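# Analysis of the macromolecular model
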Amino acid sequence: MGCKNILLITSDQQHYNTIGINNPEIETPNLDRLARQGMLFSRAYCPNPTCTPTRASLITGLYPSQHGAWTLGTKLPECVPTIGDYLNKEGYETALIGKAHFQPINSTEKCPSLESEPLLQDLDFWKDFHGPFYGFNHIELARNHTNEFLVGQHYALWMEEKGCKNWRDYFTAPTGTMDPAQKYHWDLPEEYHYDAWIAERSCAMLDQYKKDGKPFFLWSSFFDPHPDYLAPSPWDTMYQGRKLTLPSVVPGEHENSPRQHQLTQQEHPDFSSYKESGYLMHGMHSHVRTDRNPRRDMEVYYGMISLMDKYIGKILDHLDVLGLTEDTLVVFTTDHGNLFGQHGLYAKGPFLYEDLLRVPLIARCPGMIAPGTTTDSLQSLVDIAPTFLDCLGLPIPYHMTGISEKPVWDGSVDTLRSCILAEHHHEPTTIQERAYVDSRYKLVVYQEDGTGELYDLEEDPQELNNLWAQPQYADLKNDLLLKYIRADLSRESKSMPRIANALSDIRFFYCYFQYRVLECPYKQIVCFSSTNYRTICRNKTR
């Protein structure tokens with residue numbers, strides 16, 4: 001049994017272990033409910049631990065090195081087909097509410113961007129523009145995280161419509177006037193928070209779909225808990241005084257780590273040798289800061305997740321009220337993980353640890369997915385688009401390199417993937433790494449310096465002991481390198497299947513005996529000449 005509609009709900013930069021059903025230190029009652037009603041995946045991975053590359057993979061079924069949006073500050077080429085393009089042809093309504101981040105905040109003549117300044121704040125433009133955009137025939141967008149100056153687009157229009165005429169007071173310059181030094185507490189009233197906006201507008205879209213009686217693909221794309229850590233009352237203080245397991249660096253763990261990992265643990269590191277593009281290199285800086293309050297960061301990070309969960313619940317409740325739950329596949333995930341002290345690191349960067357690569361993933365579809373099930377089957381977000389199409393009973397485009405995980409989701413098989421491939425490519429050559437992950441091991445290779453990482457995730461789940469250079473693991477490393485190469489070869493994107501021989505007129509030929517002579521069905525030996533073949537066959541059929 002399949003489903004009729006798709007509701008995709010995503011967060012931004014959410015650590016995989018921040019759902020209450022797995023972690024009693026955080027409250028997420030609505031995500032817990034979704035997990036109890038569906039399938040919870042314990043080993044889901046993103047294809048790239050940054051926003052744009054993975055978000056583009058979600059809608060294309062391609063890896064970042066294939067779809068073109070290979071890092072932050074790039075764009076997904078408009079010519080790349082998306083799941084929305086295919087669903088529109090099948091009569092589906094498609095909409096994206098919230099964060100897109102398919103394009104950069106700068107725009108050039110050769111690489112124009114709708115998500116760039118100053119267009120973000122041109123509210124007259126956004127009043128009239130609601131798509132199409134990458135296969136979504138209706139969009140309502142924002143581009144800011146918390147109080148970021150990038151605020152604008154449909155979110156700013158909504159705030160004004162709701163009566164928040166002074167919305168600029170809650171955002172930083174040059175768009176707003178908020179003091180950038182204010183941390184953790186956000187004076188923005190919760191009723192004007194973008195979580196409320198996304199939930200309200202998503203519910204309005206569901207109302208329209210119900211009224212029109214059309215199948216739909218709706219993406220409700222939340223912004224939190226992406227840093228900066230900022231939340232309105234009472235969510236900013238919700239976890240104060242509570243028991244929280246605060247991660248931290250383990251002394252000596254970076255002795256065998258790659259050079260950039262080691263540099264992050266210095267007070268004044270020199271990353272100049274990595275600079276090529278001249279743009280910000282995420283994570284390539286000192287992570288040793290005396291002004292950081294890791295405990296407070298974690299409290300507000302958790303509060304942002306609990307706030308988001310409240311509004312996810314409103315969308316799920318509305319689906320129930322409209323009677324759409326039984327026909328709708330609901331999937332919750334995020335674009336990538338987050339570091340808040342693990343390995344002495346914070347936020348994100350070229351560090352392919354489980355904390356950044358693994359993501360929460362929940363899928364619910366009554367009649368297709370058994371409720372209350374969990375699986376450790378390897379899952380990749382590059383598989384989301386082909387899996388959605390398969391669940392809807394639609395063909396999967398030949399060029400997609402992700403696979404359909406529907407047989408795992410519906411319980412037909414236990415697992416399909418033998419490995420996960422992930423990428424991080426942040427500078428043309430100096431920051432270029434790939435990861436291979438299987439049920440037990442992780443291998444990370446780098447383009448430039450010949451170093452790498454090898455972890456036994458079964459014996460060392462915290463990834464503290466890099467085995468790459470240890471002689472006793474040389475055979476294991478070589479074996480995993482070969483497996484990685486084979487896996488990389490298998491993900492080649494093909495525009496179409498092969499449908500003919502090189503010479504389409506040579507038919508009914510087969511090879512026999514050791515001379516590999518091509519023989520006509522009429523037992524007349526012929527050469528490769530299509531003219532000769534036609535002549536012989538014409539004579540034989542007279």
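Structural notes, computed from the coordinates. As the structure is a prediction and not an experimental result, all values here were calculated from the model. (Residues numbered from 1 in each chain as written. Predicted model: local features only at pLDDT ≥ 70, side-chain atom pairs only at ≥ 80, totals over all residues. Heavy atoms only, no water.)

## What to know about the overall build of the protein
Broken down by element type, the protein carries 14 helices and 19 strands. Split into buried and exposed, the 542 residues of the protein put 57% on the buried side. Once local pairs closer than 6 in sequence are excluded, the contacts in the protein between residues at least 24 apart make up 68%. For the protein, the exposed area adds up to about 22,900 Å²; of that, 51% sits on carbon and sulfur atoms. Where the 50 positive side-chain charges of the protein centre and where its 70 negative ones centre are 8 Å apart. (Helix = DSSP H or I, 4+ residues; strand = E, 2+ residues; numbered from the N terminus. Buried < 20%, exposed > 50% of the residue type's maximum accessible area, 1.4 Å probe, protein only. Contact = heavy atoms within 4.5 Å. Areas by Shrake-Rupley, 256 points an atom, 1.4 Å probe, with all protein chains shown as cover. Lys, Arg positive; Asp, Glu negative; His and termini not counted. Charge placed at Lys NZ, Arg CZ, Asp CG, Glu CD.)

## Quick word on the side chain of serine 11
Within the fold, serine 11 resides in strand 1 (residues 5-11). A relative accessible area of 0% means that serine 11 is categorised as buried. A distance of 3.0 Å separates a polar atom in the side chain of serine 11 from a polar atom in the side chain of threonine 334. (Polar contact = N/O pair within 3.5 Å; in protein donor to acceptor, adjacent residues only side chain to side chain.)

## A short note on unusual backbone geometry
For the peptide bond that leads from glycine 131 to proline 132, omega is 5°, which places it in the cis range. Topologically, proline 132 is positioned in the loop between helix 5 (123-128) and strand 4 (138-142). A cis geometry characterises the amide bond from alanine 173 onward to proline 174, with omega recorded as 10°. Note that proline 174 resides in the loop between helix 6 (153-161) and strand 5 (184-185). The phi dihedral of histidine 343 is positive, around 60°, even though this residue is not glycine. Mapping histidine 343 onto the fold places it in the loop between strand 9 (339-340) and strand 10 (346-347). One non-glycine residue with positive phi stands out, namely alanine 347, at about 70°.

## A look at helix 2 (residues 51-60)
In terms of burial, helix 2 is largely enclosed, as 10 of its 10 residues are buried. Regarding helix 2, the residues found buried are Cys51, Thr52, Pro53, Thr54, Arg55, Ala56, Ser57, Leu58, Ile59 and Thr60. Contact partners of the buried residues in helix 2: strand 1, helix 3 (64-67), helix 4 (83-89), strand 3 (93-99), strand 6 (216-221) and helix 11 (384-391). Residue glycine 61 follows helix 2 closely and has a positive phi angle near 70°.

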